[in-house]
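Residue strings, one per chain:
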Amino acid sequence: MKNDYIDIRPDIQEAVKNGKPVIALESTIISHGMPYPQNKDTALEVEKICRDMGVVPATMGIIKGRLKVGLTPEEIDYLGRMGQKVTKTSRRDLPFVVAKKLDGATTVATTMIMAQMAGIKIFATGGIGGVHRGAQETMDISADLQELAHTEVAVICAGPKSILDIGLTLEYLETQGVTVVGYGTDELPAFYTRKSGFGVDYRVDSAAELAAAIKTKHDLGLQGGMVIGNPVPEEFQMPPEVINKAIDEALAEMNKKGIHGKAATPFLLAKVAEITGGDSLATNIKLVFNNVKVACQTAIELSKLN
């Protein structure tokens, strides 16, 4: 994509140019993942965590058709207040959101695209998209998985969102040659909970070990990203029986209402938060903070290697 369409904040450009630690952050979590003002407050706190650790945060978004690598606090507040009125923008949406000069919130896929454009190798988010439950009939599979197969950005997350079919998501990633790593765990986390019942390809126990693997992958010229599953801290995880019951209820209501495609995940997350009395939202915020800290540590170690 031509640089005519992208605005990279000067401090981010300088950091990338000089090999300083930078991490990418998405904006769908702001507009579609949480209600206002928790979304805005969480995004600003995430940026503060980065800066306190000596890492430059690059929150992605689209404002009036401009690809923004590094939103301002005012732009973060704007996307938070606009909420689901903002276009949830994946790869397929980019040409039209940009051409029509619309506002857009970047998904995992679009954030990876913009991170690669800007030379950012590490991205922290809550959870990745994946294969939806019942995809055998609906073929509802997130574009995040194809992006992970082709775009060279390492994604640190709390695993696939628990509303998904985690087993099929892992099978899809394996077919696409995407390495799934457990950070301090042999088992892939399941977003709200620390365990999913599914193993990972490799385990790492430090940011230095992870950074070495990321650098080696880039040095080998291997296409595609990497998924790093970082479990939510034990004190903040949801009881599995509680969250699973809430997800089942939310899925039943979604199917009854005929909601599908890009509207499915925001609906399910909001419904699960409603059913759990806000407990799932509190867990969501804590796991995002945790992922950002690991991403920052990894970016720092990667900058030492480069």
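Everything below is about the structure shown above.
In this report, the structure presented in the accompanying data block is examined. (Residues numbered from 1 in each chain as written. Predicted model: local features only at pLDDT ≥ 70, side-chain atom pairs only at ≥ 80, totals over all residues. Heavy atoms only, no water.)

Here's the deal with the overall build of the protein
The following threshold applies: Put simply, DSSP H or I for four residues or longer makes a helix, DSSP E for two residues or longer makes a strand, and each gets a number counted from the N terminus. Every radius of gyration here is taken over C-alpha atoms, with the globule rule written as 2.2 Å times N^0.38, N being the number of residues. Accessibility here uses a 1.4 Å probe with only protein chains present; expressed as a share of the type maximum, an area under 20% marks a residue as buried, one over 50% as exposed, and anything in between as partly exposed. For this analysis, residues touch if any pair of their heavy atoms sits within 4.5 Å. Two residue types count as positive, namely Lys and Arg, and two as negative, namely Asp and Glu; His and chain ends fall outside the count. One atom stands in for each charge, and that atom is NZ of Lys, CZ of Arg, CG of Asp or CD of Glu.
A tally of regular secondary structure across the protein gives 13 helices and 11 strands. Against the 2.2 N^0.38 benchmark of 19 Å for 306 residues, the protein shows a C-alpha radius of gyration of 18 Å, consistent with a compact globule. When the backbone C-alpha atoms are referred to their principal axes, the protein occupies close to 50 × 45 × 35 Å. Expressed as a percentage of its 306 residues, the buried residues of the protein come to 56%. A sequence separation of at least 24 residues applies to 74% of the contacts in the protein between residues at least 6 apart. Of note, the protein has its 33 positive side-chain charges centred 7 Å away from the centre of its 37 negative side-chain charges.

Observations regarding the pattern of salt bridges
Stated precisely, the cut-off is as follows: For this document, the term salt bridge refers to a Lys or Arg side-chain nitrogen within 4 Å of an Asp or Glu carboxyl oxygen.
With the rule as written, the count across this model stands at 19 salt bridges. Among the ionic pairs, Asp-7 bridges to Lys-68, the shortest N-O distance being 3.3 Å. Linking Asp-7 in strand S1 (residues 6–8) with Lys-68 in strand S4 (residues 66–69), this pair joins segments that are 61 residues apart in sequence. Residue classification places Lys-68 among the buried positions, given a relative accessible area of 18%. Close ionic contact of Asp-93 with Arg-92 constitutes a salt bridge, the shortest N to O distance being 3.6 Å.

Some words on the packing of helix H3 (residues 38–52) against helix H4 (residues 73–82)
Let me state the cut-off plainly: Axis angles are defined between N-to-C directions and span 0 to 180 degrees, where every axis is a line fitted to C-alpha atoms and, for a helix, only to the segment in contact. In this scheme, roughly parallel covers angles under 35 degrees and roughly antiparallel covers those over 145, while 65 to 115 is roughly perpendicular and the rest are oblique. For any pair of crossing helices, the crossing counts as left-handed if the nearer helix is rotated counterclockwise from the farther one by less than a right angle, and right-handed if it is rotated clockwise.
The contact between H3 and H4 brings their axes to 8 Å, and the two run at 150 degrees. Looking at the two axes, H3 sits roughly antiparallel to H4. Regarding H3 and H4, the two cross each other, and that crossing is right-handed. Touching Asn-39, Lys-40, Ala-43, Leu-44 and Glu-47 of H3 are Pro-73, Ile-76, Asp-77 and Gly-80, all from H4.

Some points on the pairing of strand S3 (residues 56–63)
The condition is simple: Strand pairing is assigned whenever DSSP identifies at least 2 bridges connecting the two strands.
Here S3 lies mainly inside the structure; eight of its eight residues are buried. Burial of S3 is two-sided: the residues Val-56, Ala-58, Met-60 and Ile-62 facing one way and the residues Pro-57, Thr-59, Gly-61 and Ile-63 facing the other way are all buried. The sheet contact formed by strand S2 (residues 22–25) and S3 spans four bridges and is parallel. From the neighbouring strand, Leu-25 faces S3, where its bridge partner is Thr-59. Examined bridge by bridge, S3 and S4 share four bridges and lie antiparallel to one another. In the sheet register, Met-60 faces S4, and the bridge partner there is Val-69. Connecting S3 to the antiparallel partner S4 that follows it, the hairpin turn spans two residues, and Lys-64 within it adopts a positive phi of roughly 50 degrees.

Digging into the side chain of Thr-89
Just so we agree on the cut-off: A 3.5 Å cut-off defines polar contacts: any pair of N or O atoms within that distance qualifies, except that in protein one atom must be a possible hydrogen donor and the other a possible acceptor, and neighbouring residues in sequence count only when both atoms are side-chain atoms.
Mapping Thr-89 onto the fold places it in strand S5 (residues 87–89). Polar contacts involving the side chain of Thr-89 include one to the main-chain carbonyl oxygen of Thr-87, which spans 2.9 Å.

Considering the side chain of Thr-169
In this fold, Thr-169 is placed in helix H9 (residues 166–175). Residue contacts for Thr-169: discarding those within four places in its chain leaves Gly-129, Gly-130, Val-131, Leu-145, Pro-160 and Leu-164.

Observations regarding the state of the cysteines
Definition in use: Note that a disulfide, as used here, is simply two cysteine sulfur atoms within 2.5 Å.
A full pass over the atoms with the stated rule returns zero disulfides. Cys-157 takes part in no disulfide bond, and the closest cysteine sulfur, belonging to Cys-296, lies 15 Å away. Judged by its relative accessible area of 0%, Cys-296 falls in the buried class.

So, unusual backbone geometry
With an omega of 5 degrees, the peptide bond between Tyr-36 and Pro-37 qualifies as cis. Mapped onto the elements, Pro-37 comes out in the loop between helix H2 (28–31) and H3. Within the chain, Lys-64 stands out as a residue other than glycine whose phi angle is a positive 50 degrees. Considering the arrangement of structural elements, one finds Lys-64 in the loop between S3 and S4. Looking at Lys-64, the relative accessible area reads 55%, which means it is exposed. Phi is positive for Phe-191, which is not a glycine, with a value near 65 degrees.

A look at the pairing of strand S8 (residues 154–157)
Burial along S8 is two-sided: Ala-154 and Ile-156 facing one way and Val-155 and Cys-157 facing the other are all buried. The sheet contact formed by strand S7 (residues 122–124) and S8 spans three bridges and is parallel. What sits directly across from Phe-123, in S8, is Val-155. Here four bridges tie S8 to strand S11 (residues 226–229), and the two strands are oriented parallel to one another. Within S11, the position partnered with Val-155 by the bridge is Val-227.

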